[in-house]
Every structure is written in C-alpha cells, then in structure tokens.
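Notes for the structure review
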Amino acid sequence: METSINIRIASMDDAESIRSIYNHEVSTSTASFDLVERTVEEQRIWLSERSGAFSVLVAEIEGQVMGFASLSPFNQRCGYRTTVENSIYVDSSIRKFGAGSRLLEELLIVATRSGFHTVIARIGGGNDASIALHEKHGFTTVGVEREVGRKFGRWQDVVVMQTILSEDSPD
C-alpha cells in the first residue's frame, strides 16, 4: 500500500468510524470479549472518557479512519496510576500494511510523554498477529489467564504482555 497513514488524536467526529471498526471485531472475532455492539452514543461516551493522558489515536488513510488505539487505566487503585492498558483495532481491509504498528508506536510515545511507567496489553482469543505486533514494539509475555472469557461458545485465554517505558521512579 503506497498510501500514507496519518496518525492523529481522535475527535468526537471519529466516533462512528471507531464504532464501526470496533463493532466488526465484536461480531466476528475474539479481539474483544464484548458480546453486544456499541451504539453511537456509547462510543461517544467512551471517547469522552479518554482525553489527556488516556488518549485515543486514529489512523487515517486518504481522510478515512481505518484504525484506532487507546490508553485506559489499568486499575482504579491509586498505586497503579502509572500503569495503563492499551487497545488497538485496525479495519480488516488494511491489516498488514503497517497501520497497527504505526498506531502502537505513536501510542507508546504518548504514554511516555504522559508519564506512564508501564503499558499492559491483554490479548484475547489466540490473536497471534496482535502478539507479534506487541513483541515488535518491545512487549514481552508475562502470563496467560486461562479460560477467563467465553465467546462463540468456547472458553478463551488472554495473553498478558507488558513493556516498561522508563526505569525512573515517579517519586
């Protein structure tokens, strides 16, 4: 694909495109353990909850949103405030053209600039492509949660991966 990929911060105008990409994964894959597709209003709420340090990035090709990545709190307890969880979803029509890699690269820059220490990826359903993407960007597997989800009539494992962004202490 010769077309350039533009990565930018998502806006509320991107809600429908993000929803469409996400809902495709909800209905067809184990990339998400959601069982019910999001409405536009639910997607807007999700977007509004992610600003500042908990950013959402989109990958645009020729002005069309074709993927997104986000940072979310890892855990609500204060002691976990420097750890975030990432999510990446790319439209199935452009996979293997580098959009996921560009999104993750930029997301890790945002996480570092926001002062986070570590990023956790929880990859469900034996998604080898996502595992390889995260390994490419310095994540290592730190564990497997066995049969913690159920989708499409089967128990699903979750591979937990982690990268440490800085060795500095926030104190």
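The notes below deal with the structure included here. Because the structure is predicted, anything quoted here is derived from the model rather than measured. (Residues numbered from 1 in each chain as written. Predicted model: local features only at pLDDT ≥ 70, side-chain atom pairs only at ≥ 80, totals over all residues. Heavy atoms only, no water.)

1. Here's the deal with the overall build of the protein
Heads up, the rule is: A run of H or I in DSSP becomes a helix once it reaches four residues, and a run of E becomes a strand once it reaches two; helices and strands are each numbered from the N terminus. Only C-alpha atoms enter the radius of gyration; for comparison, a globular chain is expected to reach 2.2 Å times N to the power 0.38, where N is the number of residues. Here's how the labels work: a residue is buried when its accessible area is under 20% of the maximum for its type, exposed when over 50%, partly exposed in between, all with a 1.4 Å probe on protein chains only. For this analysis, residues touch if any pair of their heavy atoms sits within 4.5 Å. For accessible areas, the Shrake-Rupley method is used with a probe of radius 1.4 Å. Any residue's cover is judged against the shown protein chains and nothing else. In this tally Asp and Glu are treated as negative and Lys and Arg as positive; neither His nor the chain ends contributes. Where a charge lies is defined by one atom per residue type, namely NZ (Lys), CZ (Arg), CG (Asp) and CD (Glu).
A tally of regular secondary structure across the protein gives four helices and seven strands. Ordered by position from N to C terminus, the α and β elements of the protein give β-α-α-β-β-β-α-β-α-β-β. Over its C-alpha trace the protein gives a radius of gyration of 16 Å, about what one expects of a compact globule, namely 16 Å for 171 residues. Classification of the 171 residues of the protein by burial places 42% in the buried group. Across the protein, the fraction of contacts at a sequence separation of at least 24, relative to all contacts at a separation of at least 6, is 64%. Put simply, the protein shows about 9,400 Å² of open surface, and 47% of that area lies on carbon and sulfur atoms. Of the charged side chains in the protein, 17 are positive and 24 negative, and the gap between their average positions amounts to 3 Å.

2. So, the side chain of Glu-60
Rule in force here: Polar contacts here mean pairs of N or O atoms no more than 3.5 Å apart (in protein, one a potential hydrogen donor and the other a potential acceptor; neighbouring residues in sequence count only if both atoms are side-chain atoms).
Looking at the element boundaries, Glu-60 is found in strand β2 (residues 56-61). For Glu-60, a relative accessible area of 16% corresponds to the buried category. Of the polar contacts made by the side chain of Glu-60, one reaches the side chain of Arg-8; its length is 3.1 Å. Not counting the four nearest positions on each side in its chain, Glu-60 is found in contact with Ser-4, Ile-5, Asn-6, Arg-8 and Val-65.

3. Some remarks on the packing of helix α1 (residues 15-28) against helix α2 (residues 40-48)
Keep this limit in mind: For helices, the fitted axis covers only the stretch in contact; all axes are lines through C-alpha atoms, and the angles between them, taken along N-to-C directions, range from 0 to 180 degrees. Here is the rule for angles: anything less than 35 degrees is roughly parallel, anything more than 145 is roughly antiparallel, 65 through 115 is roughly perpendicular, and the remaining ranges are oblique. Any residue outside Ala, Val, Leu, Ile, Met, Phe, Trp, Tyr, Cys, Pro, Asp, Glu, Lys and Arg is labelled polar, Gly included; the first ten of those are nonpolar and the last four are charged.
The interhelical angle for the contact between α1 and α2, taken along N-to-C directions, is 105°, at an axis separation of 9 Å. Relative to α2, the element α1 is oriented roughly perpendicular. Within the contact between the two elements, α1 uses Ala-15, Glu-16, Ile-18 and Arg-19 and α2 uses Val-40, Gln-43, Arg-44, Trp-46 and Leu-47. The class makeup of the residues in the contact of α1 with α2 is five nonpolar, one polar and three charged.

4. Quick notes on α1
In an α-helix, one turn spans 3.6 residues, which is why side chains three or four residues apart end up on the same side. Our working rule: By this rule, a helix spans an expected 1.5 Å times one less than how many residues it contains.
For α1, with 14 residues, the first-to-last C-alpha span of 20 Å sits near the 20 Å given by 1.5 Å per residue. Those residues of α1 that sit buried are Ala-15, Ile-18, Ile-21, Tyr-22, Asn-23, Glu-25 and Val-26.

5. Brief notes about the side chain of Ser-72
Relative to the elements of secondary structure, Ser-72 occurs in strand β3 (residues 64-73). Note on Ser-72: relative accessible area 13%, which makes it buried. If we skip the residues at most four places from it in the chain, Ser-72 touches Arg-50, Phe-54, Val-84 and Glu-85.

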